[in-house]
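Structural description and commentary
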Amino acid sequence: VIESPYADEQVNDMMTPDVYALAATRSVNRMLDQSAEVYEKTPAPKIYITEFKKMSKTLPDGLYYAKDATRQIIEGSRTYTVVNNLNDADYYLEVLVENAGNDETPVIAYRMILFDKDNVKINEWVETVRRLKNDDRSWW
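I will try to describe carefully the structure that is included in this document.

What counts, and where the lines are drawn
- Residues numbered from 1 in each chain as written.
- Predicted model: local features only at pLDDT ≥ 70, side-chain atom pairs only at ≥ 80, totals over all residues.
- Heavy atoms only, no water.
- Helix = DSSP H or I, 4+ residues; strand = E, 2+ residues; numbered from the N terminus.
- Buried < 20%, exposed > 50% of the residue type's maximum accessible area, 1.4 Å probe, protein only.
- Contact = heavy atoms within 4.5 Å.
- Areas by Shrake-Rupley, 256 points an atom, 1.4 Å probe, with all protein chains shown as cover.
- Phe/Tyr/Trp six-rings, centres within 6.5 Å; stacked < 30°, edge-to-face > 60°.
- Pairing = 2+ DSSP bridges.
- Axes fitted to C-alpha atoms, helices over the stretch in contact; angles between N-to-C directions.
- Parallel < 35°, antiparallel > 145°, perpendicular 65-115°, else oblique.
- Left-handed = near helix turned anticlockwise from the far one by under 90°.
- Nonpolar A, V, L, I, M, F, W, Y, C, P; charged D, E, K, R; others polar.

**A few points about the overall build of the protein chain**
Along its length, the protein chain carries three helices and six strands. Taken from the N to the C terminus, the helices and strands of the protein chain come in the order α-α-β-β-α-β-β-β-β. Counting the 140 residues in the protein chain, one finds 43% classified as buried. The long-range share in the protein chain, meaning contacts at least 24 apart out of those at least 6 apart in sequence, stands at 65%. Looking at the protein chain as shown, the accessible area adds up to about 8200 Å², and 46% of this sits on carbon and sulfur atoms.

**Examining the packing of aromatic side chains**
Summed over the entire model, instances satisfying the criterion amount to five aromatic pairs. Taken together, a centroid distance of 6.4 Å and an interplanar angle of 65° make the contact between Phe 52 and Tyr 110 edge-to-face. With a gap of 58 residues between them, Phe 52 in the loop between β1 (46-49) and β2 (53-54) and Tyr 110 in strand β5 (residues 107-116) connect regions that are remote in the sequence. For the pair Tyr 92 and Phe 115, a centre-to-centre distance of 4.9 Å together with 15° between the ring planes defines the contact as stacked. Taken together, the positions of Tyr 92 in strand β4 (residues 91-99) and Phe 115 in strand β5 put the pair 23 residues apart, joining distant regions of the chain. We note that Tyr 92, like Phe 115, is buried. An aromatic cluster of at least three residues, connected via ring pairs, comprises Tyr 39, Tyr 80 and Tyr 91.

**A look at the pairing of β4**
Counted residue by residue, β4 has eight buried out of nine residues, so it is predominantly covered. Summarising the sheet, β1 and β4 pair through three bridges and their orientation is parallel. Looking at the pairing, Tyr 48 lines up with Tyr 92 of β4. Here two bridges tie β2 to β4, and the two strands are oriented parallel to one another. Within β4, the position partnered with Lys 53 by the bridge is Leu 96. Both β4 and β5 contribute to a ladder of nine bridges, which runs antiparallel. Paired with Tyr 92 across the strands is Phe 115, a residue of β5.

**A look at the packing of helix α1 (residues 19-34) against helix α3 (residues 63-77)**
Look at α1 against α3: their axes get within 8 Å of each other, and the N-to-C directions meet at 30°. Taken together, the axes of α1 and α3 are roughly parallel relative to one another. Considering the relative orientation of α1 and α3, their crossing is right-handed. From α1, Tyr 20, Ala 21, Ala 24, Thr 25, Val 28, Asn 29, Met 31 and Leu 32 reach across to α3, where they touch Leu 63, Tyr 65, Ala 66, Ala 69, Thr 70, Ile 73, Ile 74 and Ser 77. When its residues are assigned to classes, the contact of α1 with α3 shows 12 nonpolar, four polar and no charged.

**Let's talk about the side chain of Thr 50**
Mapping Thr 50 onto the fold places it in the loop between β1 and β2. With residues up to four places along the chain from it excluded, the contact list for Thr 50 reads Lys 67, Tyr 92, Leu 93, Glu 94 and Val 95.

In structure tokens:
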């Protein structure tokens, strides 16, 4: 068992890790809608997805939900060819996830930044998902 590096921090137990997939889906779809000029090439450009970074210690583990959703959507769109080595990529995607809310109203801020192989920022997309204060406590 590996102890969490944030063992002394209070993790927000009102958040479930599957909310990351919701934020990822929205963000990736926006990225694909708004970056057509980048990927509308033959052959499809190669993209590397970096390790996701959890920027807030109060977020629960489970970024694998977001990483899995991100990869599946990009591969399924056939707009980019996802590669496993940064040196093989034409572009790379950096993902940062943070808690932009407070204890009473948690908000997931999901930030995706697309860079070219020369580390030049192409564009950035941010999606926020917040827990509603309704009866079912759903995320929107």
